[in-house]
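Survey of secondary and tertiary structure
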Amino acid sequence: MTSRLMLLDTASLYFRAYFGVPESVKAPDGTPVNAVRGLLDFITRLVDDHAPGELVACMDADWRPQWRVDLIPSYKAHRVAEEVPAGSDVEEVPDTLSPQVPVIEAVLDALGVARVGVAGYEADDVIGTLTERAQGPVDIVTGDRDLYQLVDDARGVRVLYPVKGVGTLNVTDEAALREKYGVDGAGYADLALLRGDPSDGLPGVPGIGEKTASKLLAQYGDLAGIQAAAADPASGLTPAQRKRLLEATAYLAVAPKVVRVARDVPLPRFDPALPGEPADPAALEELSSRWGLGSSLRRTVEALANAHV
């Protein structure tokens, strides 16, 4: 039996940890470590409950890739804290979270958990590529609905969506998607780009919300089918729907590339195997002492070890 690959949308999870664990959780020097400890608790619970054979922490090497911005300039524009003309714009992140990110990265490295990010791509794209290459079943752990597009029952790809911490996870397969959105994994990206997403700066097609998008996809199959119907006066579209879709032609020409995750990212070499023991025990001990990671880190180390028993 092929072991299950677990892919962490790491930034999504440490943001949730940051907002879910009180800032009163601090290192000995008073620095908040709520996101660090919260993420470790997430990983412990995930390993204990789902027993992955492989685990990869996927990173945002570029949270707002220029190639996506070139296609849709509003993409994540409202999250920009500082524009960087010759490089990646700085994302608006809570002041007490930013300093915790390098600590999270150092702890994952010392544990031996594979950590993968690629310049010019988001974690979603790394996840899409690893899912595409996977030879066995895949669990994608994310609080980002965009990754529902990767759900594929035939290949055993599902999304574990945290509802409250990671104690409660919605296991999203194609049946769950059809029940809630009326589409399968392959259709979710078309639904998302038609509906739009203010949190990502995606305008969508004005006047076409989630329910209408779902009905149109059920009737015409996919985005190409809907666009063909818009171009055909004899189709079943209402005049208002046809007008809106035709007026959005320029947006619909570029939105698929922005919304659909990349599946061909040039990944570095790495070992996805779940570590049975820390890769660098001395570094881990130093990190634990300096940042007061205590029981959270001990439980993670134990969970990783127990997974190999």
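Structure: above.
Report on the accompanying structure.

Scoring rules and cut-offs
- Residues numbered from 1 in each chain as written.
- Predicted model: local features only at pLDDT ≥ 70, side-chain atom pairs only at ≥ 80, totals over all residues.
- Heavy atoms only, no water.
- Helix = DSSP H or I, 4+ residues; strand = E, 2+ residues; numbered from the N terminus.
- Rg over C-alpha atoms; globule rule 2.2 N^0.38 Å.
- Buried < 20%, exposed > 50% of the residue type's maximum accessible area, 1.4 Å probe, protein only.
- Contact = heavy atoms within 4.5 Å.
- Areas by Shrake-Rupley, 256 points an atom, 1.4 Å probe, with all protein chains shown as cover.
- 1 Å grid on protein atoms, 1.4 Å probe; cavity = no way out; pocket = protein on both sides within 12 Å on 5 of 7 lines; lining within 4 Å.
- Points joined across faces, edges and corners; volume = space filled by probe spheres on them.
- Phe/Tyr/Trp six-rings, centres within 6.5 Å; stacked < 30°, edge-to-face > 60°.
- Lys NZ or Arg CZ within 6 Å of the ring centre and 35° of its normal.
- Pairing = 2+ DSSP bridges.
- Core = buried A, V, L, I, M, F, W, Y, C linked by side-chain atoms within 4.5 Å.
- Nonpolar A, V, L, I, M, F, W, Y, C, P; charged D, E, K, R; others polar.

A count of helical and extended segments in the protein gives 13 helices and 8 strands. In terms of overall size, the protein behaves like a compact globule, its C-alpha atoms giving a radius of gyration of 21 Å where 309 residues would be expected to give roughly 19 Å. For the protein, the C-alpha atoms occupy an extent of roughly 70 × 50 × 35 Å along the three principal directions. Buried positions account for 49% of the 309 residues belonging to the protein. Look at the contacts in the protein between residues 6 or more apart in sequence, and 67% of them connect residues 24 or more apart. A total of about 14300 Å² of accessible surface is found on the protein, and carbon and sulfur atoms cover 51% of it.

What the rule picks out here adds up to 2 cavities of 30 Å³ or more. As a volume, the largest cavity reaches approximately 100 Å³. As for the largest cavity, its lining consists of 14 residues, of which Y75, D146, D200, V258 and V259 are closest to the centre. Put simply, the parts of the chain that give the lining of the largest cavity at least two residues each are α7 (185-195) and α11 (249-259).

Okay, the packing of aromatic side chains next. Tallied over the entire structure, the rule returns 7 aromatic pairs. Ring centres of Y14 and F15 lie 5.9 Å apart, and the angle between their planes is 20°; on these two criteria the pair is classed as stacked. Look at Y181 and Y188: their rings are 5.3 Å apart centre to centre, the planes differ by 75°, and that puts the pair in the edge-to-face class. Y188 shares its class with Y181; the two are buried. Taken together through their ring pairs, the aromatic side chains of Y148, Y161, Y181 and Y188 make up a single cluster. Across the ring face of Y161, the terminal group of R16 is positioned such that the distance to the ring centre comes to 5.3 Å.

Attention shifts here to the pairing of strand β6 (residues 138-141). Here β6 shows no split at all, with V138 and I140 on one side and D139 and V141 on the other all buried. Note that β6 and strand β7 (residues 157-164) share 4 bridges and pair parallel. Paired with I140 across the strands is V159, a residue of β7.

A few words on the nonpolar core. If you look at soluble globular proteins, the nonpolar side chains tend to sit buried side by side. Among the nonpolar cores identified, the biggest contains 56 residues, and L7, I140, L194, L245 and L252 are the most heavily contacted of them. Ranked by the residues each element gives to this core, the list is headed by α7, at 6 residues. Aside from chain neighbours lying at most four places away, what touches L245 is L194, V205, I208, I226, A230, L237 and L252. Among the nonpolar cores identified, the runner-up in size contains 40 residues, and I43, L108, W291 and L304 belong to it.

A few words now on the layout of surface pockets. What the largest pocket holds in volume is close to 520 Å³. S12, R79, G143, D144 and D200 are, among the 23 residues lining the largest pocket, the residues nearest its centre. Listed by contribution, the elements that provide at least two residues to the lining of the largest pocket are α1 (10-20) and α7. Sorting elements by how many residues they give to the lining of the largest pocket places α1 first, with 4 residues. Of the residues belonging to the lining of the largest pocket, the class tally is 6 nonpolar, 3 polar and 14 charged. In terms of lining residues, the second largest pocket is bounded by 18 residues, among which Y14, D60, W63, E91 and V101 are the most central. Among the secondary structure elements, those contributing two or more residues to the lining of the second largest pocket are α1, β4 (90-91) and α4 (100-111). The biggest single contributor to the lining of the second largest pocket is α1, with 3 residues. For the lining of the second largest pocket, a count of residues per class yields 10 nonpolar, 3 polar and 5 charged.

Keep in mind that these numbers describe shape and distance, not what the molecule does.
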